[in-house]
Amino acid sequence: MSSWKSRPAGRPRTPQLQPLVGFASALPEAGDVRQLPARDVNVVRTAFRTVTRLCVHVCEQYLPDAFLLAMLLTFVTAAIAVCVSGSSVYQILDAWYDGLWSVMPFAMQMALILCTGVALARAPIVKRGLRRLGGLPNGQTAAAVTVFLTAAISCWINWGFGLVVGALLAREIAKKLEKVDFSFLVAAGYMGFVVWASGLSSSIALATATHGSILNFVEQITGRTVGFEHTVLSPANLIPVLLLLVAIPAVLALMAPTVDEMKCVDPATLARQDDADEAEWNEYQRRNTLAAQLERSWWITVPVVLIGGLYEWHAISSRGFCLDIDGFIFVALIAGMALHSRPIAYVHTFYAAARTTGPILLQFPIYGGIMGIMAHTGLAGLIAKLAFTGATPHTLAFWAFISSCIVSVFVPSGGGQWAVVGPIVVPAAHNLGADPALAAVGTAMGVQTVSMMQPFWALPVLALARLGLRDIMGYCVIGMIVAGIAYGGSLLVFAR
């Protein structure tokens, strides 16, 4: 990246308590020997830093481009299918081709979740909040923790919104803080994604809560839908999420780069990039034609927002409060329009948001082909069945988590994976007398855990940050390990 530049070694500023980030600011800065007596520089911290540096080095040297990685995964999946399933080459080709297009409706839903989330994050009031929040941390560790917590809470509410908020906040902080590793900040923001499938926009939880959904395998097997009180809001799901909100900030403090290791970005470069993004909109605002005045009229937005609010009131009063994928897109759309107020402002922001979906839309068909191979050759089902061998009612959800971690390497989409392994997971839970809702939660946990090393969902973050996959993945692998321990342990503790 052309804007990287080396910073001379020196002491970072001593962190002080700040509003809303007091915990983050209380953490010691990496390399600040004034705060850390020699006896406190212990084996644990040394081990963390050694492992982190190794992961960063390996990713920077050997990790290929995300699109190339998807193609390599396609070849690996096809080869495994030939060896394990006994399918012929032509059967695998047919499964691959069918998978390319079967994922398109879901791909459109995911793209709209991301675009509406980006547009919501770029609303003026949200941008002002991010600028103010970006000015609070006064050290690298405090900055990374602030970015992580903001992204994680946002991802729990809406994963598309959270992905964007983390990257935008990292940019705001890097424009204000001199000594900070920008790739470390962006990685901290992406680590917030580790809770998305445990949140309100979880595609698996939404599918099991939606009556009549083709992905609601719990309803198809048991005859009942599973509300959020049994998935997203259950103790088995909420407690590990809360633990990660504490554990990952501590890990970030341990593995933060020292001053002489930092890869800093020029704040002026970031400012120029943001100014360039605003130039087109500012030029349009100077137009004074009748059409331009209509497009900037807030009173056109108000009826649309009122109609949307009226529909939501009617839906809740007549059918009860129920979240599904389409409902989330609709709420994000209406909220984004309301916060932008002027219709053309929302259109402009949505168009800019659509540019960040390009890498995902390019790769969705590729992963759809992988999903087709795994589904039609029975490879995904075989992985799930092998994982469930010897499972008990107490351990089935844990093994659903393990199988999900394996399948997620090849099928990174939560909804896409649930379409493949759901017909295996839910009947297995039902036959053993285990809780199918907890098995669904375990599957979702596996998806979000492996997303830390699977680059699919990192693409929009990298597009906004203007970084490469190699810049952040080394740090994210550590986050994956921590998340795996938290989620796996929770499923064993809370299984009934």
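S.K.: Can you help me understand the packing of helix α19 (residues 379-388) against helix α20 (residues 396-408) in this one?
M.R.: To characterise two packed helices, one gives the angle between the axes of the helices and the distance between these axes. Running from N to C, α19 and α20 cross one another at 145°; their axes reach a closest spacing of 9 Å. For the element pair α19 and α20, the recorded crossing hand is right-handed. Here α19 contributes Ile383, Ala384, Ala387 and Phe388 to the contact with α20, which in turn contributes Leu396, Trp399, Ala400, Ser403, Ile406 and Val407.

S.K.: Please clarify how the layout of surface pockets should be interpreted in this entry.
M.R.: Using a probe with the size of a water molecule, rolled over the atoms, empty space left in the structure can be pinpointed. Computed from the structure, the second largest pocket encloses a volume of approximately 460 Å³. For the second largest pocket, the lining is made up of 22 residues, of which Phe106, Ile214, Leu215, Gly415 and Ala419 are closest to its centre. For the lining of the second largest pocket, the elements supplying multiple residues, two or more each, are α5 (104-121), α10 (203-209), α16 (325-340), α18 (358-376) and α21 (414-432). A class-by-class count of the residues in the lining of the second largest pocket yields twelve nonpolar, eight polar and two charged.

S.K.: Can you walk me through the environment of Gly479 in this structure?
M.R.: Positionally, Gly479 belongs in helix α24 (residues 469-494). Here the alpha-carbon distance between Gly479 and Ala247, two residues 232 residues apart in the chain, equals 9.5 Å. Setting aside chain neighbours within four positions, we find Gly479 in contact with Met191 and Met452.

S.K.: What is the right way to read the nonpolar core from this model?
M.R.: Side chains that are nonpolar tend, in soluble globular proteins, to be buried together. Of all hydrophobic cores here, the largest spans 147 residues; its most connected members are Tyr190 and Leu252. Among the elements that make up this core, the one with the highest residue count is α24 (13 residues). Here Leu252 is in contact with Ala144, Val145, Phe148, Phe184, Ala188 and Met191, once residues within four sequence places are set aside.

S.K.: Teacher, can you tell me more about the packing of α5 against helix α8 (residues 159-176) here?
M.R.: At a minimum axis separation of 7 Å, α5 and α8 run at an interaxial angle of 45°. The orientation of α5 relative to α8 falls into the category oblique. As for how α5 packs across α8, the hand of that crossing is right-handed. Between α5 and α8, the residues in contact are Met110, Ile113, Leu114, Gly117, Val118, Leu120 and Ala121 and Trp159, Gly160, Phe161, Leu163, Val164, Val165 and Leu168, respectively. The residue inventory of the contact of α5 with α8, partitioned by class, reads twelve nonpolar, two polar and no charged.

How each quantity is defined
Residues numbered from 1 in each chain as written. Predicted model: local features only at pLDDT ≥ 70, side-chain atom pairs only at ≥ 80, totals over all residues. Heavy atoms only, no water. Axes fitted to C-alpha atoms, helices over the stretch in contact; angles between N-to-C directions. Helix = DSSP H or I, 4+ residues; strand = E, 2+ residues; numbered from the N terminus. Left-handed = near helix turned anticlockwise from the far one by under 90°. Contact = heavy atoms within 4.5 Å. 1 Å grid on protein atoms, 1.4 Å probe; cavity = no way out; pocket = protein on both sides within 12 Å on 5 of 7 lines; lining within 4 Å. Points joined across faces, edges and corners; volume = space filled by probe spheres on them. Nonpolar A, V, L, I, M, F, W, Y, C, P; charged D, E, K, R; others polar. Core = buried A, V, L, I, M, F, W, Y, C linked by side-chain atoms within 4.5 Å. Buried < 20%, exposed > 50% of the residue type's maximum accessible area, 1.4 Å probe, protein only. Parallel < 35°, antiparallel > 145°, perpendicular 65-115°, else oblique.

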